[in-house]
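Observations on the three-dimensional arrangement
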Amino acid sequence: MAGIFRSLKNRNYRIWAAGSLVSSIGTWTQRTAQDWLVLTQLTQHNASAVGTVMAFQFGPQLLLLPWTGFAADHFNQRNLLMATQAVMGVLGFALALLTMTGVVQLWHVYVFAFLSGCTAAFDAPVRQTFVAELVGDADLPNAVALNSTSFNAARMIGPAGAGLTIASIGTGWAFLLNGVSFIAVLASLFLLRVSELHTIARANRTKGSFGQGLRYVRSRPDLKAILVMLFLIGTFGLNFPIFISTMAVGVYHTDARGYGLLFSIMAIGTISGALLAAGRDRPRFKLLLISAVVFGFGCTLAAVVTSYWLFAAALVVIGVAALTFTNTTNSLMQLSTETTLRGRVMALRGGIALGGIPLGAPIVGWVADHWGPRWALGLGAASCFAAAIIAIYALKRQSRRPGHEGSSR
C-alpha cells in the first residue's frame, strides 16, 4: 500500500492533491446538475441538447490547440493554473446566480459551457504536466494515477451530492458549491513551496512551435496509434452524461437522487482502476488493448441489461476500463515525450480525446433520441472495439521493431 501512495510523501503534492480533490468534487457537482438542468428543466428530456452542451464544453479543446499547448510549454505553469482556476470559479458563480434567480435559459447554458470549455482547454495540459513539477519523472506515473483516484473519488461524491442538493434546495445551489470549491485549489497553489518544485526546461518561443509538436507526433507511430484510439473512444465512448442521463430518465425513470447515484456507482470502478494504476511501476501499451476491449464489453452489457442495479454494475466495469485506458494514455505519452514538448503533446492528446466530443456527442444524443439510449451505448461499444483493432495493429508493428519503444509494451 505504501507504494501505491508514495507520491503523498511529497509535501507539495499533498497540498495540491487536497485542493484538487475539493475542486473536483465541485466540478462533478456542476456537471451533474448542468445535465439534469438541461434534460429535465430546460427541455423535454432532449438528449440532443445535452449533446450540444457537451459539444460547446469540449469543442474548445480542439479549436484552441495551437495556443493551449504553447501556453503549457512556455509560461509559468503555477501562475497559469491560478488564472484558469479563478476564471472557472467566477463562471460557476455566474451560472449559479442565473439559475437561482430563475432567469436561466438553454442558450445561457450553451454560452457558459463554451466559456468554461475555453478556460479548461488552457487548464488541462498545464494541470497534467504540472504534476511532473510537483514530483519529478520518477514518481510521475504514480502521481498521475493518484490524481485520477482523487478525480474519481470526487466523481463518487459530487454527483451524489448534486442529486441531494437538487432534490432538496435546487439546481442553482449545486453551481454555487462548484464556484466555492475553486477557493480550495487556489489556496493550495498559493501554499506550494516554489523552491521545492522540479523545474522543467521551458521551450524557446519560436514561430511554428505548434507545428513542431505535430511533426514530433507524426514521427512517432506509437503516439499516433494512441491518438487514433483516443479519438475513437473519446468521440463515441466517453459520452457518459448522455448514456447515464438518458438511461436513468428514459429507461429506468429515476429521480435526481437515482440519477446522481449512477454516476457515484460508476466512480467505484474508476477509483478501483486508478488505484490499480497507482500500483504499477510503468504503463504498458498492452493495457490500452485490454482496457479498450473491457470498455466495449462493459458498454454492451449496459446496453442489454433490464435492471437498474445490473446497469449500475455494468457502469462499474465501464469505470475501471475507462480509467485504465485514459490513465495509461496520459502516462505513456508524458513519459515517452521530450520535456520541452510535453505541453504541446498533452494539449494535442486533450484536443483529440475531448475535441472529438463535439462531433460524437450530438450524434450519440441523436441516436438516443431516435433509436433509444441502448443503441447509443451500442455505438460507444463499437468505438471501443474499433480502438482495440488499432491497438492490435500497433502491437504487431512494435513486435517487428523490438528496439522501438520497448519500455511501453
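Quick caveat: nothing in here was measured; it's all calculated off a predicted structure.

With that out of the way, let us pick up the overall build of the protein chain. Scanning the protein chain from N- to C-terminus turns up 16 helices and 0 strands. Computed over the C-alpha atoms, the radius of gyration of the protein chain is 20 Å, within 12% of the 22 Å expected from 2.2 N^0.38 for a compact globule of 409 residues. Projected onto the principal axes, the alpha-carbon positions of the protein chain cover approximately 55 × 45 × 45 Å. When the 409 residues of the protein chain are sorted by exposure, 58% land in the buried category.

A grouping of F56, L63, W107, V111, F114 and L115 is seen on the molecular surface, where their side chains present a nonpolar patch of about 560 Å² in accessible area. When contributions to the nonpolar patch are tallied by element, the ones reaching two or more residues are helix 2 (47–63) and helix 5 (106–135). Among the elements that take part in the nonpolar patch, helix 5 stands out by supplying 4 residues, more than any other. Within the fold, F56 resides in helix 2. Here F56 falls in the partly exposed class, since its relative accessible area comes to 33%.

For the structure on display, the rule yields 0 disulfides. There is no disulfide at C299, and the cysteine sulfur nearest it, in C384, is 4.8 Å away.

For the rest of this paragraph, the subject is the nonpolar core. One finds F240, F285, F295 and F311 to be the most contacted residues of the largest nonpolar core, which totals 87 residues. Looking at which element gives the most residues to this core, the answer is helix 13 (residues 308–335), with 11 residues. In this structure F295 touches I233, G237, L238, F240, I318, A321, A322 and C384, once residues within four positions along its chain are discounted. Core analysis: the next-biggest nonpolar cluster, separate from the first, contains 26 residues, A72, F130, L146 and L186 among them.

Bringing the packing of helix 9 (residues 221–236) against helix 13 into the picture now. For the pair helix 9 and helix 13, interaxial distance at closest approach is 11 Å and the crossing angle is 150°. Relative to helix 13, helix 9 is oriented roughly antiparallel. Helix 9 and helix 13 meet at a crossing whose hand is left-handed. Where helix 9 approaches helix 13, its residues L223, I226, L227, M229, L230 and I233 are matched on the opposing element by F325, T329, L332 and M333. Here the residues of the contact of helix 9 with helix 13 sort into 9 nonpolar, 1 polar and no charged.

Calculation rules
- Residues numbered from 1 in each chain as written.
- Predicted model: local features only at pLDDT ≥ 70, side-chain atom pairs only at ≥ 80, totals over all residues.
- Heavy atoms only, no water.
- Helix = DSSP H or I, 4+ residues; strand = E, 2+ residues; numbered from the N terminus.
- Rg over C-alpha atoms; globule rule 2.2 N^0.38 Å.
- Buried < 20%, exposed > 50% of the residue type's maximum accessible area, 1.4 Å probe, protein only.
- Patch = residues over 30% accessible without salt bridge, like charges linked within 9 Å, V, L, I, M, F, W, Y side chains within 5 Å.
- Areas by Shrake-Rupley, 256 points an atom, 1.4 Å probe, with all protein chains shown as cover.
- Salt bridge = Lys/Arg side-chain N within 4 Å of Asp/Glu carboxyl O.
- Disulfide = S-S within 2.5 Å.
- Core = buried A, V, L, I, M, F, W, Y, C linked by side-chain atoms within 4.5 Å.
- Contact = heavy atoms within 4.5 Å.
- Axes fitted to C-alpha atoms, helices over the stretch in contact; angles between N-to-C directions.
- Parallel < 35°, antiparallel > 145°, perpendicular 65-115°, else oblique.
- Left-handed = near helix turned anticlockwise from the far one by under 90°.
- Nonpolar A, V, L, I, M, F, W, Y, C, P; charged D, E, K, R; others polar.

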